[in-house]
Amino acid sequence: LWSLPMLGFGGRRSLLLNTDSVGINLDLPDNENFFRLTWCYITMGLIETGGRLEELPDMYFQAMKKLTGRCDRGYPCRCPDQRAYTGVPLPESLYVDFPEGSPTALCGIRQSVAFFNWSEEPRFISISRHTLGHSSSVEVEDFWTGEKSIWDDDFVSLEVQPHCARLFDVRW
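What you are looking at is a predicted structure, and each value in this text was computed from that prediction instead of being measured. (Residues numbered from 1 in each chain as written. Predicted model: local features only at pLDDT ≥ 70, side-chain atom pairs only at ≥ 80, totals over all residues. Heavy atoms only, no water.)

Draft legend 1. A look at helix α2 (residues 58–69). Between its terminal C-alpha atoms α2 stretches 16 Å, which fits the 16 Å expected from 12 residues at 1.5 Å a residue. Every buried residue of α2 is listed here: Y60, A63, M64 and L67. All buried residues of α2 lie within an arc of 100 degrees about the axis, which places them on one face of the element. Away from its buried face by more than 90 degrees, α2 exposes D58 and G69. (Helix = DSSP H or I, 4+ residues; strand = E, 2+ residues; numbered from the N terminus. Expected span 1.5 Å × (residues − 1). Buried < 20%, exposed > 50% of the residue type's maximum accessible area, 1.4 Å probe, protein only. Arc of directions from axis to C-beta.)

Draft legend 2. The packing of aromatic side chains, seen in detail. Evaluated as defined, the whole model comprises 13 aromatic pairs. Plain terms: the ring middles of W39 and W118 are 5.7 Å apart, the flat faces sit at 75 degrees to each other, and that makes the pair edge-to-face. Here W39, found in helix α1 (residues 30–42), pairs with W118, found in the loop between β5 (111–117) and β6 (123–128); they are 79 residues apart in sequence, far enough to count as distant. A residue is classified by how much of its surface remains accessible, and W118, at 31% relative accessible area, is partly exposed. (Phe/Tyr/Trp six-rings, centres within 6.5 Å; stacked < 30°, edge-to-face > 60°.)

Draft legend 3. Layout of the pairing of strand β4 (residues 93–97). The element β4 is extensively covered by neighbouring structure, given that four of its five residues are classed as buried. Here strand β3 (residues 77–78) runs beside β4; their pairing, made up of two bridges, is antiparallel. Within the sheet, the bridge partner assigned to R78 lies in β4 and is Y95. Bridge count for β4 against β5 is five bridges, and the pairing is antiparallel. Across the sheet, residue L94 finds its bridge partner in β5, namely A114. (Pairing = 2+ DSSP bridges.)

What follows is the structure, given as structure tokens:
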């Protein structure tokens, strides 16, 4: 809860938010572990790994490699979910723009967008493409699965299952 007011500060200008360790808890279901991995990635803070990595199942080991392989950190994380500022500060959506010339932008990725469902039931979560800065359709790739799609409606709306998160790389 303490992190929401700090997300908009660029880490290179102030501090890198310590989002806690991104270790995997094998006692938790996959959706909870990927929820935590997605939060740690999108908030652009320090990424520490914890636990016995050599004992991870291959799926989680590959997820950790993907997460830590993108070390272009410290850019402001934006929260377009205004309700997060007026109620319980648990944002349903966050995004990060990668500036031109940054390592991630040089790979063709201009933005990362995450959707979070903190509740006990499925939810539709929406963000206007205008809020994200998209003036036309954009190609997106699911960070975890690699599935590609096009966002071309005025609003990006996804059904997100309970205690799940979705993370996308945006190219334009």
